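Residues per chain are reported as follows:
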Amino acid sequence: MTRKLEPIEPDEAIELYLAQKEQDASARTVQAHGYRLKQFRQWCNKENIDNMNDMTGRRLYEYRLWRKDDGDLNTVSLRTQLCTLRTFIRFCESIDAVESELHDEILLPTLNKNQDSRDEMLESDRAEKIRAYFRKFEYASLKHCLFEIFWSTSARLGAVQALDTDDFSAVNQSLAFRHRPKTGTPLKNRDSGERQVAISDETTAVIEDYLEQNRPDVTDAQEREPLIASENGRMSQSNIRALIYSM
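Fair warning: this is a prediction, and the values are worked out from it, not measured in the lab.

Quick look at the confidence of the model for the chain
Alright, step 1. Mean pLDDT for the chain: 88, with 94% of residues reaching 70 or above.
Alright, step 2. Taken as a whole, residues 113-119 scores under 50 in pLDDT and shows 9 contacts with residues more than four places along the chain or in a different chain.

Some points on the pairing of strand 2 (residues 174-177)
Alright, step 1. The alternating pattern of strand 2 places Ser174 and Ala176 and Leu175 and Phe177 on opposite faces, both of which are buried.
Alright, step 2. Of the strand pairs in this sheet, strand 1 (residues 168-169) and strand 2 are connected by 2 bridges, and their pairing is antiparallel. Each residue of the ladder has a partner; that of Ser169, found in strand 2, is Ser174.
Alright, step 3. Counting the residues that bridge the hairpin from strand 1 to strand 2 gives 4 residues, and of these Gln173 lies at a positive phi of roughly 50°.
Alright, step 4. Relative to strand 3 (residues 195-198), strand 2 is paired through 4 bridges, and the arrangement is antiparallel. Looking at the pairing, Ala176 lines up with Gln196 of strand 3.

Concerning helix 1 (residues 10-21)
Quick reminder: α-helices carry 3.6 residues per turn. Residues three or four places apart thus point the same way.
Alright, step 1. Between its first and last C-alpha, helix 1 extends 16 Å over 12 residues, near the 16 Å set by a 1.5 Å rise per residue.
Alright, step 2. In this structure, the buried residues of helix 1 make contact with helix 2 (27-46) and helix 4 (75-94).

Considerations on the sheet that holds strand 3
Alright, step 1. Read across the sheet, 3 strands follow the order 1-2-3 without closing on themselves; strand pairing throughout is antiparallel. A single partner strand is all that each edge strand has here, and the edge strands are strand 1 and strand 3.

Scoring rules and cut-offs
Counting of residues starts from 1 at the beginning of each chain's written sequence and follows it residue by residue. Totals for whole chains, interfaces and linings use all residues, but because this is a predicted model, local features are given only for residues with pLDDT of at least 70 and pairs of side-chain atoms are given and counted only at 80 or more. With hydrogens and water set aside, each side-chain value is computed from the structure's full complement of heavy atoms. Scored from 0 to 100, pLDDT reflects the predictor's confidence in each residue. Any two residues whose heavy atoms approach within 4.5 Å at even a single point are treated as in contact. Only protein chains enter the calculation, and the probe is 1.4 Å; a residue is then buried if its accessible area is under 20% of its type maximum, exposed if over 50%, and partly exposed in between. The way it works is that DSSP assigns letters per residue, a run of H or I at least four long becomes a helix, a run of E at least two long becomes a strand, and they are numbered from the N terminus. Pairing between strands is defined by DSSP: at least two bridges between the two strands are required. Each residue after the first adds 1.5 Å to the expected span of a helix.

Pasting the structure below:
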């Protein structure tokens, strides 16, 4: 027998889901899930979806396409986002907000062998242990700053490499990703990849202290001031990747 769905707005469904997560997950995990679902809220508002009962497999696929393009996400980051969405939709099934088994309609991107071994998803609890290490032993170091940026924004490596010091705003607690092909740092999705991303108090403080204490006073070949810098200027993507693997 088909169960009758009960109307509920996306915002309310997400709040109920996060409240349920608080019972069996760490605060950091709940925060991460809330951040990933923030984009789903925005998309529902953009599409004028005010009742989860109307959610279908086709609509979820439309969201997947929008999220990948809007967020300039690589395959691993997109998979992480969709895993959280899948868990949320499964919760919605349990409260009669959507049709049963709808979560199965969310197909996760397949990782190739290299991605599966080198770009595995970083769980929140493990990330918090890495964060605690940096707080104690390498506070405001280049690696600490990089970790905070990647964990807070889920941005592509190239987008992080392209950041300048003035793309960071301590007042607004944000990082601005800009498409600047003429000076050597294009974004994958060009102008549509430009965005301003809010960051937490902790991430803001770490970047501030890194800039004050540990960033070398250098410019790149275009006379820009790279946020992620070495003594020779803007750090290469290969060197940033090596630091990520070491983390």
